[in-house]
Amino acid sequence: MPNDVQMNDAGAEKQDDWVKITSSDGYSFLVKRSVAMISGTLKNMLSEDSSFREAIANTCPISERAAVVEKVCEFMSFKAYYEGPGSKEGVDVNEFTERIPPEVALELYVTLLSLRMWSE
């Protein structure tokens, strides 16, 4: 029947919801939960098994200014896209690195390290 309601389990719904990431100067950025889970730190903060305030409120503060947090969100999106399923032939890393202003580069690098963006 065309009017049937599709029932989704809660786990599938949680994967597609949005997470708010806030900067120290008050700006907010919305990213898909699956993108935020790229970060080991954010993944722990948003874990459903925890009782962290971030998991309950679906909001993760990052103690950096908005210009850095914006690039963190871009990096997570870039990484999620290019590490996801499907062929991404001809991936040009310069596509992302060219968009990083020099005055943000060091802060971005330190922030990405603290958010555990790389697997060891």
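Residues numbered from 1 in each chain as written. Predicted model: local features only at pLDDT ≥ 70, side-chain atom pairs only at ≥ 80, totals over all residues. Heavy atoms only, no water.

An unreviewed UniProt entry lists the chain under the name Elongin-C, from Rhizopogon vinicolor AM-OR11-026. Looking at the Sequence similarities (unreviewed entry) heading of the UniProt record, one finds this comment for the chain: "Belongs to the SKP1 family." Recorded in UniProt for the chain, the comment headed Subcellular location (unreviewed entry) runs: "Nucleus". (UniProt positions renumbered as here; feature names shortened; annotations may be inferred.)

*Asks:* Break down the environment of A105 for me, with residues and values.
*Replies:* By the element assignment, A105 lies in helix α7 (residues 102–114). Through-space distance from the C-alpha of A105 to that of K71 is 9.4 Å; in sequence the pair is 34 residues apart. (Helix = DSSP H or I, 4+ residues; strand = E, 2+ residues; numbered from the N terminus.)

*Asks:* Please give an account of helix α5 (residues 66–83) that cites residues and values.
*Replies:* Between its terminal C-alpha atoms α5 stretches 25 Å, which fits the 26 Å expected from 18 residues at 1.5 Å a residue. Regarding α5, the residues found buried are A66, V68, V69, K71, V72, C73, F75, M76, F78 and K79. Those residues of α5 hidden inside the fold are in contact with β1 (18–22), β2 (28–32), α2 (33–36), α3 (40–45), α6 (94–97) and α7. (Expected span 1.5 Å × (residues − 1). Buried < 20%, exposed > 50% of the residue type's maximum accessible area, 1.4 Å probe, protein only. Contact = heavy atoms within 4.5 Å.)

*Asks:* Explain the nonpolar core residue by residue, including any values.
*Replies:* Across soluble globular proteins, nonpolar side chains have a tendency to be buried as a group. I21, L42, V72 and M76 are the most contacted members of the largest nonpolar core, which totals 26 residues. Sorting the residues of this core by element identifies β1, β2, α2, α3, α5 and α7 as the ones contributing at least two each. Counting residues per element, this core draws most heavily on α5, at eight residues. Once residues lying within four places of it in the same chain are set aside, the contact partners of V72 are I62, L108, T111, L112, L115 and M117. (Core = buried A, V, L, I, M, F, W, Y, C linked by side-chain atoms within 4.5 Å.)

*Asks:* Account for the packing of aromatic side chains, with residues named and values stated.
*Replies:* Geometry of an aromatic ring pair is reported as the spacing of the ring centres plus the angle between the planes. Counted according to the given criterion, the structure contains two aromatic pairs. Ring plane angle 55 degrees and centroid distance 4.6 Å describe the contact between F78 and Y82, whose orientation is recorded as tilted. In this pair, F78 and Y82 are both assigned in helix α5, four residues apart and thus about one turn of the helix distant. Y82 gets classed as partly exposed once you look at its relative accessible area, which sits at 24%. Each ring, one from Y81 and one from Y82, has its centre 4.7 Å from the other, and the planes form 85 degrees; the classification is edge-to-face. Among the aromatic residues, ring-to-ring pairing joins F78, Y81 and Y82 into one connected group. (Phe/Tyr/Trp six-rings, centres within 6.5 Å; stacked < 30°, edge-to-face > 60°.)

*Asks:* So what's going on with a nonpolar patch on the surface? Residues and values would help.
*Replies:* A surface patch of nonpolar side chains, amounting to about 420 Å² of accessible area, comprises L106, Y109, V110 and L113. Assignment of secondary structure puts L113 in helix α7. (Patch = residues over 30% accessible without salt bridge, like charges linked within 9 Å, V, L, I, M, F, W, Y side chains within 5 Å. Areas by Shrake-Rupley, 256 points an atom, 1.4 Å probe, with all protein chains shown as cover. Salt bridge = Lys/Arg side-chain N within 4 Å of Asp/Glu carboxyl O.)

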